[in-house]
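Notes for the structure review
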Amino acid sequence: TLVIMRHGESQANRDNIFTGWSDVDLTEKGIQQAHFAGQVIKSAGVQFTDVHTSFLKRAIITTNIVLDEI
């Protein structure tokens, strides 16, 4: 099973600003979205053997939250 997901809402998403590789934080909504995504993945019974993410903190934080939920 391959799971591809995007990070939760970032400050730039919220403010409608293009950032590209700029390293911006998640909003509170983005954090909650990551928790929800982790709960959905857990309820689907998906188990990961590997996880890959970008070096950007919004992706890393989203990934860590999802893994904590699982």
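A quick note: this is a predicted structure, and the numbers were derived from the prediction, not measured.

Some remarks on the confidence of the model for the protein chain
As a general rule, the predicted coordinates of low-pLDDT regions are not to be interpreted in detail. Looking at the protein chain, the pLDDT average stands at 91 and 100% of residues meet or exceed 70. Of all helices and strands in the protein chain, the one with the weakest mean pLDDT is helix H1 (residues 11-15) (85), whereas helix H2 (residues 28-43) scores best (96).

Section: helix H3 (residues 57-69)
Here H3 is 13 residues long and its end C-alpha atoms lie 18 Å apart, about the 18 Å a rise of 1.5 Å per residue gives. For H3, the complete set of buried residues consists of Arg-58, Ala-59, Thr-62, Thr-63, Ile-65 and Val-66. Each buried residue of H3 sits inside an arc of 165° when the element is viewed along its axis, so together they form one side. In the core, the buried residues of H3 are packed alongside H2.

Considering H2
Since the α-helix turns once every 3.6 residues, residues separated by three or four places project in the same direction. For H2, which comprises 16 residues, the first-to-last C-alpha distance of 23 Å matches the rise-based estimate of 22 Å (1.5 Å per residue) to within 8%. For H2, the complete set of buried residues consists of Gly-30, Ala-34, Ala-37, Gly-38 and Ile-41. Seen along its axis, H2 keeps its buried residues to an arc of 100°; they face one direction. Turned more than 90 degrees from where H2 packs its buried face, Glu-28, Phe-36, Lys-42 and Ser-43 sit exposed. Those residues of H2 that are buried lie in contact with H3. Gly-45, located one to two residues past H2, shows a positive phi value of around 80°.

Criteria and cut-off values
- Residues numbered from 1 in each chain as written.
- Predicted model: local features only at pLDDT ≥ 70, side-chain atom pairs only at ≥ 80, totals over all residues.
- Heavy atoms only, no water.
- pLDDT = per-residue confidence, 0-100.
- Helix = DSSP H or I, 4+ residues; strand = E, 2+ residues; numbered from the N terminus.
- Expected span 1.5 Å × (residues − 1).
- Buried < 20%, exposed > 50% of the residue type's maximum accessible area, 1.4 Å probe, protein only.
- Arc of directions from axis to C-beta.
- Contact = heavy atoms within 4.5 Å.

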